Amino acid sequence: MGQLVVNGLALGSIYALVALGLLLIFNTVQIVNFAQGQLLMLGAFIGISCAVTHELPMAAAWAITMVAMALVGIVFMVLVYFPLRGRPAFLVILTTIAMGIVLENLALIIWGPLPVSLPSPVQGPPLRFAGVVVSMHQLFIFATLAVILFLQFLFLTKTRFGILMQATAQDLHTARLVGIPVNRTIAVAFALGAVLSGIAGLLVAPIFLAEPTMGGSLGLKGFVVSVIGGFGNLPGAVIGGLFLGLVETFGARYISSNFRDAYAFIVMITVLIAWPRGLFGEKSSEKV
Amino acid sequence: MAPGRCALTADTIIAARGVTRRFGGLVALDAIDLNVPKGIVQAVIGPNGSGKTTLLNALSGASHADAGSIRIGGEEIFRLKPHRIARLGLARTFQNIRIFDNLSVLENVKVAAACNKPASFFDILTSNTRHRKREADIDLGAREALETIGLAQRADDRATQLPYAQRRLLEIARALASRPNVLLLDEPAAGMNMTESMTLLDTIAKLKSRGITILLVEHNVRLVMGISDRVTVLDFGKKIAEGTPSEIQRNPLVIEAYLGRRHRHA
Amino acid sequence: MRLELTSWPLFAGIIAAILAIPLLTQDGYIIQLLNIAILNAIVVLGLNFVTGWAGQINFGQAAFYGLGAYTTAIASKSGLPWITTPFLSAVVVIAASLMLGLPTMRLRTYYLAMTTIGFGEIIRLVIVHWEPVTGGTSGLRAIPGISIFGIGPQGQAQHYYLLVAALALAVSVATRVRHSALGRAMIATRDSEIAAEQSGVDTTRTKLFAFMIGAVYAGLAGCLYASSIRFISPDSFSGTQAILLMTMLIVGGMGSIAGSISGAIALTLLPEALRFLGQWYLVLYGLGVIAVIVMAPGGLASVASLSQWRRAGVR
């Protein structure tokens, strides 16, 4: 049972990362990116291209992937955000979904449909204690999540640019009026959001194999986590992610593994019915 | 005389007591009492942020008050959903024009004309006599409202094709089509020039002559004084004065509220 | 938007052309493709009620389509007379739409989108894993065809005419709803929910109604699908299909009856016509959808109605 907890938390950490990327973008431009899962997939495959196809060392593969994902994020912004500024949310959703379709099929063309594996950046024998096995990779996942959370906290609250980003997130128009380089902060949001998902992809691929269609369900789980935690709420997303990872792992073991993907939705629907604003409440308000 | 929607049980058609509304730490409405006699035009004025629109929202159900009692025509409406309040005979217009962009002018008004009768899908499916009669009634009621307001010739235009002032009139026509006993007008003259405002005044007078009670929120104080029987003045969510237009004009509290702003601390 | 027909000869010509198609081509494959296109048109017409008029984003339409198809297939394969299947499909679909709709009508756009996606996914998982009943991923074959008192259409061409008639019925109901208080209430709800409420419209009930009607359209289309194509599998009703249906509505023109139909037919035939593109079709399709959204969010219908308004001299 402890094993399930460990596995659940590791899985949940990945979901939390996807949600963090989603929320970074949402907090800044109020767009929910339905292609976040495809960005994860892209990160995984870029990593695989570097590490497996071109046999570069893992550190280089990771570095290249992160840079590439940042660029992808900016391209994404240009194609999706700028043309659709001010349009109703519904159309934005459709556009990001369409981008997801484009990315997924480009991936199918470039890398083919077969699942591919990516080695973990850390190798070594797993830890064993209290009847539980924790693999090196799982430890790496926890460590990565912790590091990212810490860096994100530092960045957003202690650096000048991070504070500018928070200002933009709170009120874009006023931020622009007071001279904040709004476009730059938006670009950074998209870039970082893509990088976070890319990292999630690099972490997922060693556990579950990578294939171009993997983005769909992982992206959706990222949303579910955001909903559970309450949109706009970063700590909520982390807790939500870990929670979902546990629910899924336990559900697959004790109820049915066939409906693994459904648990996420069931949890989300339950949460939305009881707390229409998410468990931790979202920040936006309605005007009459 | 205007056909009433419900039998009026009191001569005071709006009886609001202790209406309070808070937004976080801000008290937008502070235990407001409001009594509006049937058949008059009553204006609610006050500086920006005094709570006028919040009061209208509370009365119409658009944004419920936190506490208090509101009786329209004798019926308690506190916390009722807006469409229920509308079906009791209260209609309103909005400060930011909210017309239905994807419907024609006539259709806009028809939405309200159908006010009290929920659609029966079976009737629609079979297009039976009852359905056709109902549609004919709605059509008639809608056209009458447009006629009263003077927009009849634009009936088949898309609502978005109307110029600004006529859109305001469309909102009034729409409100009229639901055969209200009480009409709340939220800054109906905003953005209008002199001629348009005069037309508006005539329209309000016409509606009053039909027995509709009108509660008017308006910034243009001179306009208000010309048409109103009574005036209520709000400031910082409190009622600071109430009376006839001439009484209000002479009331020092009111003058101070409007002119003395800059002498107050935040 | 009222379907203005500017000339009777044009209208008659279109009807004649539609009716003549099976005479022009004996290729059963093409006619079956058209049949699927017509069925999709009915589903998208249903989606138009919910999303086009009432403004509720809905990625569950494919799930209702599938529920109708599977209910019909299972019922008629277990021996029930065909005539019962439309009613059974409608009942199942109405129940499902209430289950989904009642708790979710108050949700905001993003949450509604995800909830409907989730709903679709759950239905798909149930279909895929309930193998003894639904045949799992391989689907169900040899579904009995339409048969009322022993009479039913034989061959693709006869199915074609039947489906055209079904579509005509669907259009006539939709038109009637559009020009009734219910239709206006739906559009008002979307344009300004607050103003609609203040005008006496029970917006929650209206949205739920639109949802149910849309679901019934999809469910009945599913019934016809199972009975005419005679083979169904979960792939035809997946989340990808739900997205496809939504894009058909957008490309054709949200809120327009003619748009719903043209979008459905266009995006059903297009992949076949562009089959030589292989995987690139989907890439271009995605980019194309984005282009339409950015440049002509009203879809084909808005492009068409521009010329129509100009011709009618409306100022």
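Please refer to the structure higher up on the page.
Keep in mind that what you see is a predicted model, and the values were worked out from it rather than measured.

Draft legend 1. Summary view of the overall build of chain C. Looking only at helices and strands, chain C has 14 helices and 0 strands in total. Against the 2.2 N^0.38 benchmark of 20 Å for 315 residues, chain C shows a C-alpha radius of gyration of 19 Å, consistent with a compact globule. Across its three principal directions, the C-alpha atoms of chain C cover 55 × 50 × 45 Å. At a minimum sequence separation of 6, the contacts of chain C that also span at least 24 residues come to 78%.

Draft legend 2. Quick peek at the overall build of chain A. From N to C terminus, chain A includes 11 helices and 2 strands. Taken from N to C terminus, the helices and strands of chain A fall in the order α-α-α-α-β-β-α-α-α-α-α-α-α. Here the C-alpha atoms of chain A give a radius of gyration of 19 Å, agreeing with the 19 Å that 2.2 N^0.38 yields for 288 residues. Here the C-alpha coordinates of chain A stretch approximately 55 × 45 × 35 Å along the principal axes. Expressed as a percentage of the 288 residues in chain A, the buried residues total 50%. Pairs at least 24 apart in sequence give 76% of the contacts found in chain A among residues at least 6 apart.

Draft legend 3. Region of interest: the pairing of strand 4 (residues 67–72) of chain B. All names here are of chain B. Looking at chain direction, strand 1 (residues 12–23) and strand 4 are connected through 5 bridges and run antiparallel. When the bridges of strand 4 are listed, Ile14 appears paired with Ile72. With antiparallel pairing between neighbouring strands as the criterion, strand 4 and strand 5 (residues 75–76) make up a hairpin whose turn holds 2 residues, including Gly73 at a positive phi of roughly 60°.

Draft legend 4. Structural view of the interface of chain A and chain C. Counting residues at the interface gives 32 residues for chain A, matched by 32 residues for chain C. If one sorts the elements of the side of chain A that touches chain C by residue count, helix 4 (residues 89–111) of chain A sits on top with 15 residues. Broken down by class, the residue content of the side of chain A that touches chain C amounts to 28 nonpolar, 3 polar and 1 charged.

Draft legend 5. Just the interface of chain B and chain C, in detail. At the interface, 33 residues of chain B touch 23 residues of chain C. Secondary-structure elements contributing two or more residues to the side of chain B that touches chain C are helix 2 (82–87), strand 6 (90–92), helix 3 (105–113), helix 4 (121–126) and helix 5 (129–149) of chain B. Of the residues belonging to the side of chain B that touches chain C, the class tally is 17 nonpolar, 6 polar and 10 charged.

Draft legend 6. Region of the structure containing the packing of helix 2 (residues 28–53) of chain C against helix 11 (residues 239–252) of chain C. Residue and element names in this part refer to chain C. Close contact between helix 2 and helix 11 brings their axes to 9 Å; oriented N to C, the two are set at 75°. Here helix 2 is positioned roughly perpendicular relative to helix 11, judged by the angle of their axes. Here helix 2 contributes Asn40, Val43, Val44, Leu47, Asn48, Thr51 and Gly52 to the contact with helix 11, which in turn contributes Leu245, Met248 and Leu249. Considering only residue class, the contact of helix 2 with helix 11 consists of 6 nonpolar, 4 polar and no charged.

Draft legend 7. Seen up close, the sheet that holds strand 2 (residues 26–37) of chain B. Residue and element names in this part refer to chain B. Sheet architecture is open: 4 strands sit in the order 2-1-4-5, paired in antiparallel fashion. Two strands bound the open sheet, and with one partner strand each, they are strand 2 and strand 5. Bridging between strand 4 and strand 5 involves 2 bridges; their strand directions are antiparallel. The residue bridging Arg71 from the neighbouring strand is Glu76, located in strand 5.

Draft legend 8. Layout of the sheet that holds strand 7 (residues 182–186) of chain B. Residues and elements named next belong to chain B. Strand order across the open sheet formed by 6 strands is 6-7-8-3-9-10, with mixed pairing between neighbours. The open sheet is flanked by strand 6 and strand 10 (238–243), the only strands paired with a single partner. On average, adjacent strands in this sheet sit at an angle of 20° to one another, irrespective of strand direction. When strand 3 (residues 41–45) meets strand 9 (residues 230–235), the two strands line up parallel, connected through 4 bridges. Across the sheet, residue Ile45 finds its bridge partner in strand 9, namely Val233.

The rules we used
- Residues numbered from 1 in each chain as written.
- Chains lettered and ligands numbered in written order.
- Predicted model: local features only at pLDDT ≥ 70, side-chain atom pairs only at ≥ 80, totals over all residues.
- Helix = DSSP H or I, 4+ residues; strand = E, 2+ residues; numbered from the N terminus.
- Rg over C-alpha atoms; globule rule 2.2 N^0.38 Å.
- Contact = placed C-beta atoms within 7 Å.
- Buried ≥ 20, exposed ≤ 12 C-beta atoms within 10 Å, placed from the backbone.
- Pairing = 2+ DSSP bridges.
- Nonpolar A, V, L, I, M, F, W, Y, C, P; charged D, E, K, R; others polar.
- Axes fitted to C-alpha atoms, helices over the stretch in contact; angles between N-to-C directions.
- Parallel < 35°, antiparallel > 145°, perpendicular 65-115°, else oblique.

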